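Residues per chain are reported as follows:
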Amino acid sequence: MFSIYRTEAGYTIEKDSSCVLAGDFCLDTLFTSEDPLKYTEIQYGLGQSCELPSGAFLAPISSQEVWAAGVTYYRSRDARMEESESSGGDRFYDMVYDAERPELFFKATADRSRGHLDKVCIRSDSSWDVPEPELTLAINSSGKVFGYTVGNDMSSRSIEGENPLYLPQAKVYRGSCALGPCLVVGSGPGKEAMISVKISRSGEVVFSGNTEVSQIKRSFDELAEFLFRDNEFPNGALLMTGTGVVPDSDFTLSSGDLISISIDGIGTLENEVE
Ligand code: DO4
Ligand code: MG
C-alpha cells in the first residue's frame, strides 16, 4: 500500500514508513493508467529518499472532477428527511435510500477543493451548515476503483432543506470540498474501518461522531459503475461515498471551527472554517 502526498514541492510517496520524493510522478497519469498500483510502484522505485513533509498538503487532485453519492447511510436518510419535511421533500430521500439507482451529484473541481490544513468555507446566504466526513474513491479513466482519500462534503442544510432542487447550491461553492491528507493506492480501508469526525471551537470539542464503513448501503463498485454508466471521465474521477455522521439538528458550523476527519488506514484531514 502506498500513500501519495502532494505539496508545492511535488509528490512524496510513502510505503511502510519510508518516503521518496517522486520527481516524475504525475497525478493525471496515475488516473489514466490501466494499472495505477503498478505505476505508483514504478514511481516509488525511481524516487529519491526523503522525510515526510510536515504541515499542509495540497488536495490530491489535478484534472479530475469530484462527484458525490448521497443517502448511502441510514443516518443521512434520516437527517435529510428531517431537514426537508416542511418543504415536502422528505419522501425523495426515503425513496432514494431503497432505490436501485443511487443519488450521484457533481461536487467540485480542483480549484474548489482544499487540502489538509487549508480553509473550507460556509456560504454567506446559509444559516445551517455541517461538514460531511466521507470516504472518497479514486477511480481511473476505465472506471476502476484504485485509491482512497478522506473527503469533506461541506453542505448547507438550510438551502438543501428549503427545496431539494437547491442541492447544487447547497453543495457546490468556493471551498465546499476538502480532500486529503494523502491518496492511498492499493488495499483500501476494510468494512470495519472507522470514519470519525471532531469539531472544535475555541479549544473545546463541540461535536464528535463516528461510523463504520460497513454501515454503507451500497458497494464502492456499484457507485463507480453508476457514475461511469453512459458517461466519460478521460482523466478519471474522485467519488465521495456519502456521509454516515450528521450532527444533531441544533448544530451549525461557525467561522473559526476546526474540523478533523479521520479514516482508519488513510489518515486525518484537518480544516478550519474560513
Ligand atoms: O441528498 C443530498 C445529499 C446527500 C449527501 O451528501 C450524503 O448523504 O452524504
Ligand atoms: Mg455528502
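The following paragraphs examine the structure supplied in this document. (Residues numbered from 1 in each chain as written. Chains lettered and ligands numbered in written order. Predicted model: local features only at pLDDT ≥ 70, side-chain atom pairs only at ≥ 80, totals over all residues. Heavy atoms only, no water.)

## Looking at helix 3 (residues 74-83)
This is how the line gets drawn: For every residue, the accessible area obtained with a 1.4 Å probe (protein chains only) is divided by the maximum for its type, and the residue is called buried under 20%, exposed over 50%, and partly exposed between those limits. Helix and strand labels come from DSSP, where a helix needs a run of H or I of at least four residues and a strand needs a run of E of at least two; each type is numbered from the N terminus. Every residue pair with non-hydrogen atoms within 4.5 Å of one another is taken to be in contact.
Every buried residue belonging to helix 3 is among Ser76, Arg77, Ala79, Arg80, Met81 and Glu83, and all of these are buried. Looking at the buried positions of helix 3, the neighbouring elements they touch are helix 4 (90-98), strand 12 (155-156), helix 5 (157-162) and helix 6 (167-171).

## A look at the coordination of the magnesium ion (ligand 2)
The condition is simple: We call an atom a donor if it is N, O or S and sits within 2.8 Å of the metal, or 3.2 Å for Na, K and Ca. Water is not counted, so some sites may look partial.
Coordination of the magnesium ion (ligand 2) by the protein involves Glu132 (OE), Glu134 (OE) and Asp153 (OD), with metal-donor separations of 2.0 to 2.1 Å. In terms of primary sequence, the donors binding the magnesium ion (ligand 2) are separated according to E-x1-E-x18-D. Taken together, the residues span a long stretch of sequence, with Glu132 in the loop between strand 9 (129-130) and strand 10 (133-139) and Asp153 in strand 11 (residues 145-153) at a distance of 21 residues. Assessed through its relative accessible area of 3%, Glu132 is described here as buried.

## Some thoughts on the pattern of salt bridges
Filter applied, for reference: We count a salt bridge whenever a side-chain nitrogen from Lys or Arg sits within 4 Å of a carboxyl oxygen from Asp or Glu.
Evaluation of the coordinates by the stated rule reveals 16 salt bridges. The network of salt bridges with shared partners includes Arg80, Glu83, Lys107, Glu132, Asp153, Arg157, Glu160 and Lys171.

## Description of the state of the cysteines
Stated formally: Our working definition of a disulfide is a cysteine sulfur pair at a distance within 2.5 Å.
Under the definition given, this model contains zero disulfides. Counting only cysteine sulfurs, Cys50 is the nearest neighbor of Cys19, a cysteine outside any disulfide, at a range of 5.4 Å. Classification of Cys19 as buried rests on a relative accessible area of 8%. By relative accessible area, which is 24% here, Cys50 ends up partly exposed.

## Points about a negative patch on the surface
So the rule is basically this: By definition, no residue in a patch forms a salt bridge, and every one has over 30% relative accessible area; like charges are joined within 9 Å, nonpolar side chains (Val, Leu, Ile, Met, Phe, Trp, Tyr) within 5 Å. To be clear on the numbers: accessible area is Shrake-Rupley with a 1.4 Å probe, and residue cover counts the displayed protein chains and nothing else. Residues scored as positive are Lys and Arg, those scored as negative are Asp and Glu, and His as well as the terminal groups of each chain are ignored. By convention, the point assigned to a charge is CZ for Arg, NZ for Lys, CD for Glu and CG for Asp.
A contiguous patch of negative charge on the surface is contributed by Glu82, Glu85, Asp248 and Asp250. By secondary structure assignment, the location of Glu82 is in helix 3.

## Thoughts on empty space enclosed by the protein
Heads up, the rule is: Buriedness for pockets is judged along seven lines, at least five of which must meet protein on both sides within 12 Å for an open set on the 1 Å grid over protein atoms alone, while cavities are sets there where a 1.4 Å probe fits but cannot get out, and lining residues have an atom within 4 Å of a point. Grid points are joined across faces, edges and corners, and a volume is the space filled by probe spheres set on the points. Amino acid classes used here: Ala, Val, Leu, Ile, Met, Phe, Trp, Tyr, Cys and Pro are nonpolar; Asp, Glu, Lys and Arg are charged; the rest, including Gly, are polar.
A complete count under the given rule lists one cavity of 30 Å³ or more for this structure. In this structure, the largest cavity is lined by 16 residues; those nearest its centre are Gly70, Val71, Arg80, Glu103 and Lys171. Every element with two or more residues in the lining of the largest cavity is listed here: strand 5 (65-70), helix 3, strand 6 (103-108) and helix 6. Partitioned by chemical class, the residues of the lining of the largest cavity number five nonpolar, four polar and seven charged.

## Some points on unusual backbone geometry
Gly180 connects to Pro181 through a cis peptide bond whose omega is 5°. Residue position: Pro181 is located in strand 13 (residues 177-185). Positive phi, normally seen in glycine, also occurs at Val71, with a value near 55°. Summarising the element assignment, Val71 is placed in the loop between strand 5 and helix 3. Despite not being glycine, Leu117 shows a phi value in the positive range, around 75°.

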